[in-house]
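Notes for the structure review
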Amino acid sequence: MPVINRIASYADEMTAWRRHLHQHPELGQQCHETAAYVVERLREFGIDEIHEGMAISGVIAVIDGQGEGPTIGLRADMDALPIAETTGADWASTRPGKMHACGHDGHTTMLLGAAKYLAETRNFAGRVVLIFQPAEETGGGAELMVEEGVLDRFDIRDVYALHNAPGTPVGQFYTTPGPIMAAVDTFHVDIKGEGGHGAYPHETRDPIPPALAIAQAMGTIVSRNHFALDELVVSVTMIHAGTADNVISEDAYLGGTVRTFDREVKALVKRRMEEIVAGHAAAFNVEATLRYEEGFPPTINTPDETVFAADVAREVAAEGSVRDDAHPEMGAEDFAYFLEHRPGCYLFVGNGDTAGLHQPNYDFDDATSPYGASFFARIAERALPLGDS
């Protein structure tokens, strides 16, 4: 196995940690029990500093190396999703309607594995800051940590993170310089007409036809208003209206998501949405209001750190198992907030032939943990070499 031998010996321990976390998922910023479990493990490892309550329930841990040197950050997200699990695993969620359907239990475990190794060996000069972050799924975790001054307070020079990738073989890694994950925005359209009896539609101002027309027109933003090679997704994911088959509703709602990498493309989408909503309101004689909410920025890897991270991944992966030219993905990731303020790199590590992310039958593959933990550990040792202080 190309992973660090000492970390490979933690495999059973890491599996136990991960499955405990999987059984006890928490949402958003309320990851208090998860954080307590992380802190308990960190204290067992003899970590030098532990700071709790960051971004409400986040944990920052500091490991001192041998001598003076810079500081790097390694981040793992801790929160779960509001999904009812269907895996049937012995370690399935014990909390109805909540599960680790995105593998954050695995991400936390990989960083804990690296923490144990680094606290034992301290084969580096400087400091390693471990960032256990809540609220990646719902947003707010990374942004709040940045606002709280985590990067400045701990003088973090550069920062790295991993995400598991279902469908990619265990032990393989991929990343790319520049944009790797998209910005995510949310839009809401509220339509108000005049309801009435379903048998007398001429006496109403039915909000459902304009809702359907607006949804259809928004699809043309991608196909007809932007350059085909500029990555863009506009998805209408919700339409709500009506309460009975013989009642024409007074109002309707539609909403969805926009994924972009470029601010000019985002501005185009917002402008066209405003025009489409206003035009259809006039055409159908209803009132319609657009609310456009900007979310995570794009996740943009810095070039030098991406070359470095991919090189480190090659040390712990099988030969030929690291891609450093992967195509950007249209998913979003709040690690973007860290990369807006510090250089660094976000990578994916293979999770094998599992169900996809955010699916009720997904589970993290425990065979992935030694690879991710080894990657984090070697990032620290390579970025902070002894004798370089």
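Preceding this section is the structure that the text describes.
Below is a summary of the structure that appears in this document. (Residues numbered from 1 in each chain as written. Predicted model: local features only at pLDDT ≥ 70, side-chain atom pairs only at ≥ 80, totals over all residues. Heavy atoms only, no water.)

**Thoughts on the environment of Val170**
The test is simple: Numbering of helices and strands starts at the N terminus; helices are DSSP runs of H or I of at least 4 residues and strands are runs of E of at least 2. In this analysis, two residues are considered to be in contact whenever any of their non-hydrogen atoms come within 4.5 Å of each other.
Relative to the helices and strands, Val170 is located in the loop between β5 (156–165) and β6 (173–174). Beyond its immediate chain neighbours, meaning those up to four positions away, Val170 contacts Gly350, Asn351, Gly352, Asp365, Ala367, Thr368 and Tyr371.

**Observations concerning the packing of helix α2 (residues 11–23) against helix α4 (residues 104–121)**
When two helices pack together, their arrangement is captured by the angle between the axes and the distance separating the axes. To keep things clear, this is the line we draw: Where helices are involved, their axes are fitted lines through C-alpha atoms of the stretch in contact, as for all axes, and angles between N-to-C directions lie from 0 to 180°. Take the far helix as the reference: if the near one is turned anticlockwise from it by less than a right angle, the crossing is left-handed, and if turned clockwise, right-handed.
α4 packs onto α2 with a crossing angle of 145° between their chain directions and a minimal axis gap of 9 Å. Handedness of the α2/α4 crossing: right-handed. Of the residues in α4, those in contact with Glu13, Met14, Trp17, Arg18, Leu21 and His22 of α2 are Asp105, Gly106, Thr108, Thr109, Leu112, Gly113 and Lys116.

**What about the sheet that holds β6?**
The strands that make up a sheet pair up through hydrogen bonds in the backbone, lying either parallel or antiparallel. Convention followed: Pairs of strands are assigned from DSSP output, requiring at least two bridges between the strands.
One open sheet accounts for eight strands, arranged β1-β2-β4-β3-β5-β16-β6-β15; its pairing is mixed. The open sheet has two edge strands with one neighbour each: β1 (49–54) and β15 (322–323). Packing of helix α3 (residues 32–45) onto the sheet brings it into contact with β1, β2 (58–64) and β4 (127–133), and relative to β1 it is tilted by some 175°. Across the sheet, α4 is in contact with β2, β3 (71–77), β4, β5 and β16 (344–350); its angle to β3 comes to roughly 145°.

**Overview of the sheet that holds strand β8 (residues 183–192)**
The four strands lie next to each other as β10-β12-β8-β13, forming an open sheet whose pairing is antiparallel. Looking at strand neighbours, the two that pair on one side only are β10 (232–241) and β13 (287–294), the edges of this open sheet. Pairs of neighbouring strands in the sheet enclose a mean axial angle of 15°, with direction left out of account. By the bridge criterion, eight bridges tie β8 to β13 in an arrangement that is antiparallel. Bridge pairing links Lys192 to Glu287 in β13.

**Overview of the pairing of β5**
For the record, the criterion: Three exposure classes are used, based on accessible area relative to the maximum for each residue type with a 1.4 Å probe and protein chains only: buried under 20%, partly exposed in between, and exposed over 50%.
Of all ten residues that make up β5, nine are buried, and the element is covered over most of its length. As paired elements, β3 and β5 share five bridges and run parallel to each other. Pairing of Arg75 across the sheet is with Ala161, part of β5.

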